[in-house]
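Report on the structure
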Amino acid sequence: MKKLIKFLLKTLPRPLLIRLSFFVRKPLALIYKGTKNECPVCEKQFRKFLAYGYGKTNRDNRLCPNCLSLERHRLLWLWLKAKTDFFTEELNVLHIAPEQPFIKKFKNLNNLNYISADLYSPIVDVKTDIRDMVFADNLFDFVICNHVLEHIDDEQKAMKEILRVLKPGGKAVLQVPIDYSLNETFEDPSIISEKDREKYYGQYDHVRQYGADYPQRLRKAGFNVTEDDFVNSFSEDEKEKYRFDKNEIIYLCRKPE
Ligand SMILES: [Zn+2]
């Protein structure tokens, strides 16, 4: 059964998976009815979240049965509300590889001029390659591009492209999976098979495993980076309620003025 799920997750196009999930969402919400865990994105409560991930990344009690948010989405949502002007100011926003729980919510924010972009997704506004984007220089106030760079061979090129399309002083959130036990990011161009990439990088389509030097790599591309341990502003009970990753750091990247 686990092998079948793994196979389906790898082979079915993500838009189809999302459509399939739509049909099971209501019965799941009923099965998971309760108050122990809360999703701030869709503002619903459950007795627990669903498990998520496979192999080494499998973890219990993480995926919101209603909006499909994960721990990182819930933390980012609350961070955007608490620490930025994302929900209040008039902003040009570029959302690359948009996360399902956010798309509708962001589109409905009247203060945003919101553009979604991706190379492959059929549901985005603009199809573009992150390493060579179609947008003019100095266009966006805010770029969100999470869990993308670990898939991109030329990471510095992608980071510099994001820097280019940001206005001076503009902000970006470019979260990636990080193994903080590694001082240095691990990548080896000879690792190319899906099996080896899963073994060394944790997922069959990742091209590196980021370590604690991630913010330095962002700085190398030209960003000013603030490391925010926002997760520690919550009590232990709140961290459990939202099922956060207690080690997650949010990197606020700014284009120098
Ligand atoms: Zn939710």
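Scroll up a little and you will see the structure.
From a predicted model like this one, the values you see are computed outputs, not experimental measurements.

1. Re the overall build of the chain
Within the chain, the secondary structure is distributed over eight helices and 11 strands. At 18 Å, the chain has a C-alpha radius of gyration in line with the 18 Å of a compact globule built from 257 residues. With the C-alpha coordinates of the chain rotated into their principal frame, the extents come out at 50 × 45 × 35 Å. Relative to its 257 residues, the chain shows a buried fraction of 47%. Put simply, of all contacts in the chain between residues at least 6 apart along the chain, 61% involve residues at least 24 apart. Split by element, the accessible area of the chain, about 13800 Å² in all, is 52% carbon and sulfur. The centroid of the 43 positive side-chain charges in the chain is displaced by 7 Å from the centroid of its 38 negative side-chain charges.

2. Considerations on the pairing of strand 5 (residues 91-96)
Of all the six residues making up strand 5, five are buried; the element is thus mostly covered by neighbouring parts of the structure. Taken together, the six bridges between strand 5 and strand 6 (residues 112-118) define a ladder with parallel strand orientation. Following the sheet pairing, Val93 is matched in strand 6 by Tyr114. In the classification by handedness, the crossover that spans strand 5, the intervening helix 4 (residues 100-107) and the parallel strand 6 is right-handed. When strand 5 meets strand 8 (residues 140-144), the two strands line up parallel, connected through three bridges. Paired with Val93 across the two strands is Phe142, which belongs to strand 8.

3. Some words on the nonpolar core
Grouped burial of nonpolar side chains is what soluble globular proteins tend to show. Counting 38 residues, the largest nonpolar core has Cys39, Trp79, Leu80, Phe86, Phe106 and Phe142 as its most contacted members. Every element with two or more residues in this core is listed here: helix 3 (71-83), strand 5, helix 4, strand 6, strand 8 and strand 11 (250-254). Among the elements that line this core, the one with the most residues is helix 3, at six residues. Here this core spans two domains, since at least three of its residues come from each of domain 1 (2-69) and domain 2 (72-254).

4. Some thoughts on the coordination of the zinc ion
Binding of the zinc ion to the protein goes through Cys39 (SG), Cys42 (SG), Cys64 (SG) and Cys67 (SG), at separations of 2.3 Å. For the zinc ion, the four donor atoms in the first shell make angles of 103 to 116° at the metal, a pattern classed as tetrahedral. For the zinc ion, the single-chain donor residues occur in sequence as C-x2-C-x21-C-x2-C. A residue pair is termed long-range when its members are at least 10 positions apart, and Cys42 in the loop between strand 1 (33-39) and strand 2 (44-46) and Cys64 in the loop between strand 4 (59-63) and helix 3 qualify at 22 residues. As far as the burial class goes, Cys42 and Cys64 line up, both buried.

5. Regarding the environment of Arg217
Mapping Arg217 onto the fold places it in helix 7 (residues 214-221). Setting aside residues no more than four positions away along its own chain, Arg217 makes contact with Glu155, Gln156, Met159, Thr185, Glu187, Arg208 and Tyr210.

6. Let's talk about the packing of aromatic side chains
Aromatic ring pairs: the centre-centre distance and the angle between the two ring planes describe each pair. Inspection of the entire model under this criterion finds 18 aromatic pairs. Ring centres 6.0 Å apart and planes at 15° place the aromatic pair Trp77 and Phe102 in the stacked group. Here Phe102 lies in helix 4 and Trp77 lies in helix 3, a separation of 25 residues in the sequence. In this structure, Trp77 and Phe102 share a single accessibility class: buried. On the basis of an interplanar angle of 80° and a centroid distance of 5.2 Å, the ring pair of Phe86 and Phe142 is categorised as edge-to-face. Note that Phe86 is positioned in the loop between helix 3 and strand 5 and Phe142 in strand 8, a separation of 56 residues in sequence. According to the relative accessible area criterion, Phe86 is buried, its value standing at 0%. Judged by its relative accessible area of 1%, Phe142 is buried. Aromatic ring contacts, followed pair by pair, group Trp77, Phe86, Phe87, Phe102, Phe106, Tyr114 and Phe142 into a single cluster.

7. Thoughts on helix 7
Within the span of helix 7, buried status applies to Tyr214, Pro215, Arg217, Leu218 and Ala221. Down the axis of helix 7, the buried set is contained in an arc of 155°. They therefore lie on one face. Where the residues of helix 7 are buried, they touch helix 5 (155-165), strand 10 (224-228) and strand 11. Of the residues one or two after helix 7, Gly222 is the one with positive phi, at around 120°.

Conventions and cut-offs
Residues numbered from 1 in each chain as written. Predicted model: local features only at pLDDT ≥ 70, side-chain atom pairs only at ≥ 80, totals over all residues. Heavy atoms only, no water. Helix = DSSP H or I, 4+ residues; strand = E, 2+ residues; numbered from the N terminus. Rg over C-alpha atoms; globule rule 2.2 N^0.38 Å. Buried < 20%, exposed > 50% of the residue type's maximum accessible area, 1.4 Å probe, protein only. Contact = heavy atoms within 4.5 Å. Areas by Shrake-Rupley, 256 points an atom, 1.4 Å probe, with all protein chains shown as cover. Lys, Arg positive; Asp, Glu negative; His and termini not counted. Charge placed at Lys NZ, Arg CZ, Asp CG, Glu CD. Pairing = 2+ DSSP bridges. Right-handed = clockwise from strand over helix to strand, strands pointing away. Core = buried A, V, L, I, M, F, W, Y, C linked by side-chain atoms within 4.5 Å. Domains from an automatic or database assignment. Donors = N, O, S within 2.8 Å, 3.2 Å for Na, K, Ca; no water. Tetrahedral: all angles 85-135°; square planar, octahedral: opposite > 155°, others 65-115°. Phe/Tyr/Trp six-rings, centres within 6.5 Å; stacked < 30°, edge-to-face > 60°. Arc of directions from axis to C-beta.

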